[in-house]
Amino acid sequence: MPKLHFYSTALTRVIFVHQSKQKGREIGAFLTITIYLYITNSHAMIDYFKFGIALSGGGARGILHLGVLEALQKYGIHPEIISGTSMGALIGVSYASGVEPMQILEVVKSGKLHRMINWKLPSNGLLDINKARNLLEKHIPADDFSCLKKPFYCTVSNLNEGITEIKSSGKLFQWVLASASIPVIFEPQVIDGTTYVDGGLFNNLPSACIRDHCRYLIGVHVNCNSPEENISGLQAIAERTFRLVFALNVKESMALCDFVIDPPQTRLYNTFDFGKADELFKIGFDETERRILEVADFIDLNSILQERGVQQYQREG
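Residues numbered from 1 in each chain as written. Predicted model: local features only at pLDDT ≥ 70, side-chain atom pairs only at ≥ 80, totals over all residues. Heavy atoms only, no water.

## Here's the deal with the pairing of strand S2 (residues 81–84)
Residues Ile-81 and Ser-83 line one face of S2 and the alternating positions Ile-82 and Gly-84 line the opposite face, and both faces are buried. Both strand S1 (residues 49–55) and S2 contribute to a ladder of four bridges, which runs parallel. Note on S2: the bridge partner recorded for Gly-52 is Ile-81. For the segment spanning S1, helix H3 (residues 64–74) and S2, crossover handedness is right-handed. (Buried < 20%, exposed > 50% of the residue type's maximum accessible area, 1.4 Å probe, protein only. Helix = DSSP H or I, 4+ residues; strand = E, 2+ residues; numbered from the N terminus. Pairing = 2+ DSSP bridges. Right-handed = clockwise from strand over helix to strand, strands pointing away.)

As structure tokens, then:
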């Protein structure tokens, strides 16, 4: 049972005792005020949301996240807190800033996203992702987590210490770019003297960081790792290697989610299949819509609709 629900129950019980008993009124009033202040402080420290969503990395396959978000919105489910890794971080931060899924899809389809990635001679990586900062600056009002309309968390991998780090405050763009910097393929991000790369290296589905902040957590994984018979060529070998490495840290993250979307079709697409954006979007949308009744059963949609009805009644009253 969520803690905030427990506190509400406790408050109700104290009020009931206070109203029903003749003796000890002063004690009852004191307890009521004390618990009320405790609840208020708890809310200030920990925001508690109805829906959260964790978006995995996966390069172009991450376009699938947009289809999932669009389908959820179609059925009235709007995640209020978002976490993301790599491409999931790029999609997640855009969504958290208020950009609609279809708008983000148009940006991807226009070629702006992968044209922002600058090919260069190998040094620390084959590609320079820093030009993607221009795209973030265009769609996000300020370089700070606080400017986002919804809470957003992203993961980065600290190469110096060999650990994962979660970022949710302060400067924004540098951490989103670091989260999307696939090792060797992209130039790493050096921030305050520390070298950071793709968050998926240690945490490719960042569910733990928002698990305690929402009632229902949806995880979206876009790196299906079913057995493959034929793996040949440098690109195919690299793709398979990265997927297997990232898969090691995903199982526990999936277990923390109330519902996981993990379409098997994603294995047919590679990291740079941005030209297949419509196909990937459709996979995410169709898979979510196909399973929306499962989501409704899992989250008790009736109770949510009832709560919304009560809220609407209170606003109109």
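Once you've had a look at it, read on.
## Considerations on the pairing of strand S6 (residues 163–167)
Walk down a regular strand and you will see the side chains alternate between the two sheet faces. With five bridges connecting them, strand S5 (residues 152–158) and S6 associate as antiparallel partners. Following the sheet pairing, Ser-157 is matched in S6 by Thr-164. Where S5 hands over to S6, the hairpin turn is made up of four residues, of which Gly-162 adopts a positive phi near 70°.

## Quick look at the side chain of Asn-204
Tracing the backbone through its elements, the reader meets Asn-204 in the loop between strand S8 (194–198) and helix H9 (208–211). Looking at Asn-204, the relative accessible area reads 1%, which means it is buried. Reaching out from Asn-204, the side chain makes a polar contact with the backbone nitrogen of Gly-57 at a distance of 3.2 Å. (Polar contact = N/O pair within 3.5 Å; in protein donor to acceptor, adjacent residues only side chain to side chain.)

## Describing the nonpolar core
Of all hydrophobic cores here, the largest spans 60 residues; its most connected members are Ile-53, Ile-63, Phe-152 and Leu-172. With seven residues, helix H4 (residues 87–96) is the single largest residue contributor to this core. (Core = buried A, V, L, I, M, F, W, Y, C linked by side-chain atoms within 4.5 Å.)

## Looking at H4
An α-helical turn contains 3.6 residues, so a residue and the one three or four places further along point in the same direction. By the criterion of burial, H4 is predominantly enclosed, with 10 of the 10 residues buried. Among all positions of H4, only Met-87, Gly-88, Ala-89, Leu-90, Ile-91, Gly-92, Val-93, Ser-94, Tyr-95 and Ala-96 are buried. At the exit of H4 stands Gly-98, carrying a positive phi of roughly 105°.

## A look at unusual backbone geometry
A positive phi is found at Ser-86, a non-glycine position, where the angle reads about 55°. Following the sequence through the fold, Ser-86 ends up in the loop between S2 and H4.

## Some words on the confidence of the model for the protein chain
Summary statistics for the protein chain give a mean pLDDT of 78 and a share of 68% for residues scoring 70 or more. With pLDDT under 50 throughout, residues 1–45 is counted as low confidence; its partners more than four residues away or in other chains account for 23 contacts. (pLDDT = per-residue confidence, 0-100. Contact = heavy atoms within 4.5 Å.)

## Structural notes on helix H5 (residues 101–109)
When H5 is considered as a whole, its buried residues turn out to be Pro-101, Ile-104, Leu-105, Val-107 and Val-108. The buried side chains of H5 occupy one side of the element, clustering within an arc of 160° when seen end-on. Taken from the residues just after H5, Gly-111 is the one with a positive phi, measuring 85°. (Arc of directions from axis to C-beta.)

## A few points about the environment of Ile-182
Take Ile-182: it is sitting in the loop between helix H8 (173–179) and strand S7 (189–191). Assessed through its relative accessible area of 8%, Ile-182 is described here as buried. For the pair formed by Ile-182 and Leu-201, sequence separation is 19 residues and the distance between their alpha carbons is 8.4 Å.

## A look at the state of the cysteines
Overall, the coordinates contain zero disulfides when judged by the stated rule. With no disulfide of its own, Cys-154 lies 9.0 Å from the sulfur of Cys-209, the closest cysteine sulfur. (Disulfide = S-S within 2.5 Å.)

## A look at the pattern of salt bridges
Inspection of the entire model under this criterion finds 10 salt bridges. Here Arg-133 makes a salt bridge to Asp-143, at a shortest N to O gap of 3.9 Å. Highlighted residues: Arg-133 in helix H7 (residues 132–139) and Asp-143 in the loop between H7 and S5, separated in sequence by 10 residues. Residue classification places Asp-143 among the partly exposed positions, given a relative accessible area of 24%. Salt bridges sharing common partners tie together Glu-287, Arg-290, Arg-291 and Glu-294. (Salt bridge = Lys/Arg side-chain N within 4 Å of Asp/Glu carboxyl O.)

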